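Fold and contact review
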Amino acid sequence: MSHVVRIGMLGCGTVGQGVVGILHETAGTIERATGHRLEIAKVLVRDLQADRPGLDRGVLTTDVEDILGDDRIDIIIEVMGGVEPTREWLLRALGHGTSVVTANKQLLARHGPELLAAAEEGGSELRFEASVCAAIPVIKVLREALLAAEIESVMGIVNGTTNYILSEMRRSGMSYGDALRQAQDLGYAEADPTEDVGGGDAAAKMAILSSIAFHTRVLIDDVPYSGIDALQSDDVDIAHELGFVMKLLGIARLVDGAVSVRVEPALVPGDHPLASVGGADNAVLLESSMVRQIMLEGPGAGGTETASAVVSDVLSIMGSRPGSFLAGALADAGRPMAPEGSLESAFYVRLEVADQPGVLARVSSVLGESDVSILTVLQRGEGESARLVMILHRAPEGRVRQAIGRLADMPEVREQPVLITVVGSGEAPR
Ligand SMILES: NC(=O)c1ccc[n+]([C@@H]2O[C@H](COP(=O)([O-])OP(=O)(O)OC[C@H]3O[C@@H](n4cnc5c(N)ncnc54)[C@H](OP(=O)(O)O)[C@@H]3O)[C@@H](O)[C@H]2O)c1
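Treat the numbers as computed from the prediction; the structure is a model and nothing was measured.

What about the site of the ligand?
Within the structure, the ligand sits among 20 residues, and Cys12, Val15, Arg46, Asp47 and Arg52 are positioned closest to it. The backbone of Val15 places a nitrogen or oxygen atom 2.8 Å from an oxygen atom of the ligand. Here Asp47 contributes a backbone N or O atom positioned 2.7 Å from an oxygen atom of the ligand. Of the pockets mapped on this structure, the ligand occupies the largest pocket. Grouping the constituent residues of the shell around the ligand by class yields nine nonpolar, seven polar and four charged.

Observations regarding the sheet that holds strand E5 (residues 99-102)
Strand order in the open sheet formed by six strands is E3-E2-E1-E4-E5-E6, and the pairing between neighbours is parallel. With partners counted over all chains shown, the strands left at the sheet margins are strand E3 (60-61) and strand E6 (126-127), one partner each. Bridge count between strand E1 (residues 3-10) and strand E2 (residues 36-44): eight bridges; the pairing is parallel. Within E2, the position partnered with Val4 by the bridge is Arg37.

Quick word on the layout of surface pockets
Its volume calculated, the largest pocket comes out at about 1,400 Å³. Forming the boundary of the largest pocket are 47 residues, of which Thr14, Val15, Ala103, Lys105 and Glu190 lie nearest the centre. If you list the elements that add at least two residues to the lining of the largest pocket, you get helix H1 (14-34), helix H4 (105-122), helix H6 (160-172), helix H8 (194-197), helix H9 (200-213) and helix H11 (303-319). Residues that form the lining of the largest pocket fall into these classes: 17 nonpolar, 19 polar and eleven charged. Both domains that meet at the lining of the largest pocket, namely domain 1 (3-127 + 306-328) and domain 2 (138-299), each give it at least three residues. Here the second largest pocket defines a volume of roughly 800 Å³. Contributing to the lining of the second largest pocket are 37 residues, with Ser226, Arg262, Glu264, Glu397 and Arg401 lying nearest its centre. When contributions to the lining of the second largest pocket are tallied by element, the ones reaching two or more residues are strand E9 (258-269), helix H13 (397-408) and strand E15 (418-422). Here the lining of the second largest pocket gets seven residues from one element, more than from any other, and that element is E9.

Thoughts on helix H12 (residues 359-369)
Turning to H12, its buried residues are Val359, Val363, Val366 and Leu367. On an axial view of H12, the arc spanned by its buried residues comes to 100°, and they lie on one face. Contact partners of the buried residues in H12: strand E12 (344-354), strand E13 (374-382), strand E14 (385-396) and H13. Asp371 occupies a position one or two residues after H12 and carries a positive phi of about 65°.

Things to note about the sheet that holds E13
Taken in spatial order, the nine strands make up an open sheet running E11-E10-E7-E8-E9-E15-E12-E14-E13, and their pairing is mixed. Each edge of the open sheet is held by one strand with a lone partner, namely strand E11 (292-299) and E13. Pairwise comparison of adjacent strand axes, ignoring direction, gives a mean angle of 25° for this sheet. Where strand E8 (residues 244-255) lies against E9, twelve bridges are found, and the strand directions are antiparallel. Opposite Gly250, over in E9, you have Val263 as the bridge partner. Of the strands in this sheet, strand E7 (153-157), E8 and strand E10 (281-288) touch H6, which is tilted by about 140° from E8. H12 contacts E12, E13 and E14 of the sheet and is inclined by roughly 20° relative to E14.

Some points on the nonpolar core
Core analysis: the biggest nonpolar cluster contains 80 residues, and Leu126, Val138, Ile151, Val154, Ile165, Leu209 and Leu286 have the highest contact counts within it. If you tally residues by element for this core, the top one is H9, at nine residues. Apart from the residues within four sequence positions on either side, Leu209 is in contact with Val132, Val138, Ile139, Leu142, Val154, Val158 and Val284. Counting residues in hydrophobic clusters, the runner-up holds 30 residues, among them Cys12, Val19, Ile30 and Val314.

Description of the side chain of Ser370
Its place among the elements puts Ser370 in the loop between H12 and E13. Under the relative-accessibility criterion, Ser370 is labelled buried at 11%. Apart from residues lying up to four places away in sequence, Ser370 is in contact with Arg399, Ala403 and Arg406.

Focus on the pattern of salt bridges
Under the definition given, this model contains 24 salt bridges. The partner of Asp70 in a salt bridge is Arg6, with the nearest N and O atoms 3.6 Å apart. Of this pair, Asp70 sits in the loop between helix H2 (65-68) and strand E4 (75-78) while Arg6 is found in strand E1, placing the two residues 64 residues apart along the sequence. Residue Asp70 shares its accessibility class with Arg6, and that shared class is buried. The residue Arg87 makes a salt bridge to Glu84 at a minimum N-O spacing of 2.5 Å. A single network of salt bridges, built from pairs that share partners, joins Asp234, Asp235, Arg350, Glu352 and Arg387.

Conventions adopted
- Throughout, a residue's number is its position along its own chain's written sequence, starting from 1.
- Confidence filtering applies because this is a predicted model: local features only for residues at pLDDT of at least 70, side-chain atom pairs given and counted only at 80 or more, and all residues used for totals across whole chains, interfaces and linings.
- Excluding hydrogens and water, the side-chain values take into account all heavy atoms of the structure.
- Near is defined per residue: the residue qualifies when any heavy atom it owns lies within 4 Å of the molecule or strand.
- Within 3.5 Å is the distance limit for a polar contact, defined as a pair of N or O atoms, with the added protein rule that one can donate a hydrogen and the other accept it, and that residues adjacent in sequence qualify only through two side-chain atoms.
- Cavities and pockets are defined on a 1 Å grid built over the protein atoms alone: a cavity is a set of grid points where a 1.4 Å probe fits but cannot escape, while a pocket is an open set with protein on both sides within 12 Å along at least five of seven lines, and lining residues are those with an atom within 4 Å of any such point.
- What decides whether a molecule sits in a cavity or pocket is whether more than half of its atoms lie within 2 Å of the grid points.
- For this scheme, ten residues count as nonpolar: Ala, Val, Leu, Ile, Met, Phe, Trp, Tyr, Cys and Pro. Four count as charged, namely Asp, Glu, Lys and Arg, and the remainder, Gly too, count as polar.
- Between any two strands, pairing holds if DSSP finds at least two bridges.
- Counting from the N terminus, the helices are the DSSP runs of H or I reaching at least four residues and the strands are the DSSP runs of E reaching at least two.
- Grid points are joined across faces, edges and corners, and a volume is the space filled by probe spheres set on the points.
- Residue ranges assigned to the domains are those given by an automatic or database domain assignment.
- Partly exposed describes any residue whose relative accessible area lies between the buried limit of under 20% and the exposed limit of over 50%, with all areas from a 1.4 Å probe on protein chains only and scaled to the type maximum.
- Taking the helix axis as origin, the arc is that swept by the directions to the C-beta atoms.
- It only takes one pair of heavy atoms within 4.5 Å for two residues to be counted as in contact.
- Only the stretch in contact is used when fitting a helix axis, every axis being a line fitted to C-alpha atoms; angles between N-to-C directions are given from 0 to 180 degrees.
- We define the nonpolar core as a collection of buried residues of types Ala, Val, Leu, Ile, Met, Phe, Trp, Tyr and Cys that are connected through side-chain atoms lying within 4.5 Å of one another.
- Salt bridges are counted wherever a side-chain nitrogen of Lys or Arg sits within 4 Å of a carboxyl oxygen of Asp or Glu.

Below you can see the structure in the form of structure tokens.
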């Protein structure tokens, strides 16, 4: 006879409705495969009157005690979002031995270690596959398949909204503003897109991914980030002309045993695996000398896509014993964070300069004084001004930023120089 696993859900919006739908559609398959019948016992919402297809109104509640105080609930699915009171509620559940599946990246990127400690203490499990890249099973791959692979670098397009905007800017020459409006019309971007376009959403996901990849604690405050909101379509076009594609990249690397994580617009060569990831898709490129490169690509958001990762985590909990090795996957290896500016990279630089003889020679001499050399130059005159676009050879970022600061002070340089990281070629971080 099947054993009933009782689920308590916190929230039932876009992702929660997806979970309800998948559990209904796959109930028979799950029961045959696992011997367990999943039952949605209680669902916390704010609005009891809203339409919730597939749910019996009798399971809805606005009182969290109906879930946290019910000892018969086996697993809690948290799909309501927010940091508080969610953190407090999940700490209580985990501490009492109830396993939790969550899709909440902001909560994990701020309080992941505290929640995992509560799970360890309570003998429960905390799973969060859906918090990064929705349907792409990147956390499972890092936690299980590549646990011993000594991952050295994680590079990801982990925000679908910005990937859609950049892909459209490149494809049709649209401005950033027009591409954002189109993304909003099509439902790829929120009415308030700040978290996505400013890089905060990607930074939270990179904190989670680098914690798992490097077995250490990385919180969102450890991840410097910048978004695509200040990007000019000129830079997207020129990069394309030079054979590069602009992406909002999460870049996490081990540098001499220390962890360096950041999110920024960066250039990847046209033949790099991440260059062809278009539209609103996500992709994560994992590198280690043991396994070389592994790339995972697919939809990074959406109610059903995210819900499929949530359900997969529920099934994993049912298939593993509490306190199994997976509960400790975020074990703290105690790695330090790498000092800012230590990462070596190639760079794209755009300078608007006075169109006078000898300017390029003076620019290259200023760079040379900082031991920074030029790989490629593109020069265009436009009346009294000229545009100099350079790809710089690999050098430590701090040294390059110092040299760019000195260029900005030259009387011939008319605007603040634009500096963009180039990744993925022989000239850039592997
Ligand atoms: N949407 C995606 O594509 C996606 C992708 C990856 C991860 N996520 C993550 O998944 C989580 C849920 O996202 P979503 O898009 O499904 O959000 P949503 O559509 O806004 O749904 C939130 C649900 O939680 C309920 N809720 C919120 N605060 C509550 C409170 N204080 N007390 C009781 N109920 C509360 C809401 O109740 P009412 O329905 O009554 O308002 C609603 O049912 C978030 O952490 C999000 O970051 C979403």
